[in-house]
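Given next are the chains, with one letter for each unit.
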Amino acid sequence: MEAWLYDTLDDQQVRCRLCSHQCLIGKDKRGICGVRENRGGVLQTLVYGRLIAAGDDPIEKKPIFHLLPGSRSFSIATVGCNFKCRFCQNADIAQMPSDRGGQIAGDPATPQAVVTAARERGCKSISYTYTEPTVFFEFACDTAELAHAQGMKNIFVTNGYMSDDAIERVSPWLDAANVDLKAFSDDFYKKQCGARLEPVKATLRRMKEHGIWVEVTTLIIPGLNDDPEELSRLAAFIAADLGTETPWHVSRFHPTYRLTDREATPVATLLRARDIGIAAGLKYVYTGNIPGRGGEDTLCPGCQQTVIARQGFRILDNHLEAGRCLGCGTPIDGIGMQPA
């Protein structure tokens, strides 16, 4: 189908306005994402209704910890991505078009079928995840609008490279986003992801302006983005520009895809990053991919008692009443903060 958010130019070229790459695409060519193609001066999306993954997950797997904790989220994806991360954890589907000669795979689906499947499985939200939801934007928006009308929440798990136009378009139906803030160095973004830092920061700010609940994830990679000074600047940005109520997930890296020359992140590095976030004034800092060490628990910012105890993606215990700490009555930031 015809894509959204593009301009027609001379010589049958088009300018895609979906993400911050703003690709200039010649006739019969595709953009960086590999799933939007210029056919005779008309930009087409090649992945509308072609799902490469669909299933229900714990919402904590996104990771989203402050929207309907303990609930299930129906999760969907198509192939493609507008980043080229050397450490991509889902490269088999995200990088399929670029790594396999333009291949587009996926099973047919409609927005209504997705919403129906989500409801039948008892999910309270739909997550657009696994790959970059921006590249299947049209399908995501159509699905999100239907889901919203039926009282379900919508979540983007995204690299944050959306254009202002895209954020404006989806914002009426987008309740929350987990945004990868992969580093706080433009050099890292250029060398490791094929992108730039500033557009991601701009997306985060714009989402907050639109009232979208934002959680931030940083995958800590030894020797590339684990410098304490850089992490301090990143945490300070979250606190100052997004708000101290913004959860920050610092996650453990495991060697994968084209970045196999690095060791897994030492646990001590993650614990240090968590301390850095707390020192910056962030109320909720979590450690990911090291379950069972207490870094997944939500602590009350008032009395520092555990209000939601987790292990992995499971809630073990909760001490909340109507979204407030049972001990001191402090409200816990988020949406629907009463564990299922």
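Keep in mind the model is a prediction, meaning the values are calculated, not measured. (Residues numbered from 1 in each chain as written. Predicted model: local features only at pLDDT ≥ 70, side-chain atom pairs only at ≥ 80, totals over all residues. Heavy atoms only, no water.)

1. Thoughts on the pattern of salt bridges
Turning to step 1, where the next piece is worked out: This structure, assessed with the given rule, holds 21 salt bridges.
Turning to step 2, where the next piece is worked out: In this structure, Arg 72 engages Asp 56 in a salt bridge whose closest nitrogen and oxygen atoms are separated by 3.0 Å. Within this pair, whereas Arg 72 is found in strand E8 (residues 72-77), its partner Asp 56 is found in strand E7 (residues 53-58), the two being separated by 16 residues in sequence.
Turning to step 3, where the next piece is worked out: The exposure class of Arg 72 is partly exposed, given its relative accessible area of 34%.
Turning to step 4, where the next piece is worked out: Overall, Asp 56 belongs to the partly exposed group, its relative accessible area being 24%. (Salt bridge = Lys/Arg side-chain N within 4 Å of Asp/Glu carboxyl O. Helix = DSSP H or I, 4+ residues; strand = E, 2+ residues; numbered from the N terminus. Buried < 20%, exposed > 50% of the residue type's maximum accessible area, 1.4 Å probe, protein only.)

2. Looking at the domain arrangement of the protein chain
Turning to step 1, where the next piece is worked out: Annotation of the protein chain at the domain level lists domain 1 (6-45) and domain 2 (50-295).
Turning to step 2, where the next piece is worked out: On a C-alpha basis, the centroid separation for the pair domain 1 and domain 2 is 25 Å.
Turning to step 3, where the next piece is worked out: Taken residue by residue, the interface counts 13 residues in domain 1 and 21 residues in domain 2.
Turning to step 4, where the next piece is worked out: With both sides pooled, the region where domain 1 packs onto domain 2 buries about 1,200 Å², and carbon together with sulfur makes up 54% of that total.
Turning to step 5, where the next piece is worked out: The interface formed by domain 1 and domain 2 holds 2 salt bridges in total.
Turning to step 6, where the next piece is worked out: Across the salt bridge formed by Arg 17 and Asp 165, the nearest N and O atoms sit 2.4 Å from each other. (Domains from an automatic or database assignment. Contact = heavy atoms within 4.5 Å. Buried area = accessible area lost by both parts, 1.4 Å probe.)

3. Side note on the sheet that holds strand E11 (residues 153-158)
By way of backbone hydrogen bonds, the strands of a sheet pair with one another, either parallel or antiparallel.
Turning to step 1, where the next piece is worked out: Spatial strand order, E7-E8-E10-E11-E12-E13-E14-E15: 8 strands in an open sheet with mixed pairing. Edge positions in the open sheet fall to E7 and strand E15 (285-288), since each of these has one partner strand only. Each strand of the sheet is rotated relative to its neighbour by a mean of 20°, with strand direction disregarded.
Turning to step 2, where the next piece is worked out: Both strand E12 (residues 176-180) and strand E13 (residues 213-220) contribute to a ladder of 5 bridges, which runs parallel. Bridging across to E13, Asn 178 finds its partner in Glu 215.
Turning to step 3, where the next piece is worked out: Sheet strands touched by helix H7 (residues 198-209): E11, E12 and E13. Its angle to E12, the strand with the most contacts, is close to 165°.
Turning to step 4, where the next piece is worked out: Running at roughly 170° to strand E14 (residues 248-252), helix H9 (residues 267-279) makes contact with E13, E14 and E15 of the sheet. (Pairing = 2+ DSSP bridges. Axes fitted to C-alpha atoms, helices over the stretch in contact; angles between N-to-C directions.)

4. Quick look at the packing of helix H3 (residues 111-120) against helix H4 (residues 137-149)
Turning to step 1, where the next piece is worked out: For the pair H3 and H4, the least separation of the axes is 8 Å and the interaxial angle reads 50°. Between H3 and H4, the angle falls in the class oblique. Of the two elements, H3 crosses H4, and the hand of that crossing is right-handed. Judged by residue contacts, Pro 111, Gln 112, Val 114 and Val 115 of H3 engage Phe 139, Asp 142, Thr 143, Leu 146 and Ala 147 from H4.
Turning to step 2, where the next piece is worked out: Tallied by class, residues from the contact of H3 with H4 come to 6 nonpolar, 2 polar and 1 charged. (Parallel < 35°, antiparallel > 145°, perpendicular 65-115°, else oblique. Left-handed = near helix turned anticlockwise from the far one by under 90°. Nonpolar A, V, L, I, M, F, W, Y, C, P; charged D, E, K, R; others polar.)

5. Comments concerning the pairing of strand E5 (residues 42-45)
Looking along a regular strand, one sees side chains alternate from face to face of the sheet.
Turning to step 1, where the next piece is worked out: In terms of strand pairing, strand E4 (residues 36-39) meets E5 through 4 bridges, oriented antiparallel. Its bridge partner lying in E5, Arg 36 is registered against Thr 45.
Turning to step 2, where the next piece is worked out: Linking E4 back to E5 in an antiparallel pair, the connection comprises 2 residues, with Gly 40 at a positive phi of about 65°.

6. Section: the sheet that holds strand E2 (residues 14-16)
Turning to step 1, where the next piece is worked out: In spatial order, the strands read E1-E2-E3; together these 3 strands make up an open sheet with antiparallel pairing. Looking at strand neighbours, the two that pair on one side only are strand E1 (6-8) and strand E3 (24-25), the edges of this open sheet.
Turning to step 2, where the next piece is worked out: Alignment of E2 against E3, held across 2 bridges, turns out to be antiparallel. When the sheet's bridge partners are listed, Arg 15 is paired in E3 with Leu 24.

7. A look at the side chain of Thr 45
Turning to step 1, where the next piece is worked out: Secondary-structure assignment places Thr 45 in strand E5.
Turning to step 2, where the next piece is worked out: Only 3.4 Å separates the side chain of Thr 45 from the backbone nitrogen of Val 47, close enough to count as a polar contact.
Turning to step 3, where the next piece is worked out: Those residues in contact with Thr 45, other than ones at most four positions away along the chain, are Met 1, Glu 2, Ala 3, Val 35, Arg 36 and Glu 138. (Polar contact = N/O pair within 3.5 Å; in protein donor to acceptor, adjacent residues only side chain to side chain.)

8. Points about unusual backbone geometry
Turning to step 1, where the next piece is worked out: In this structure, Pro 63 follows Lys 62 across a cis peptide bond, with omega equal to -10°.
Turning to step 2, where the next piece is worked out: In this structure, Pro 63 sits in the loop between E7 and E8.
Turning to step 3, where the next piece is worked out: Look at Asn 289: it is not a glycine, yet its phi comes out positive at around 70°.
Turning to step 4, where the next piece is worked out: Here Asn 289 shows up in the loop between E15 and strand E16 (298-299).
Turning to step 5, where the next piece is worked out: Among the residues examined, Asn 289 registers a relative accessible area of 42% and is labelled partly exposed.

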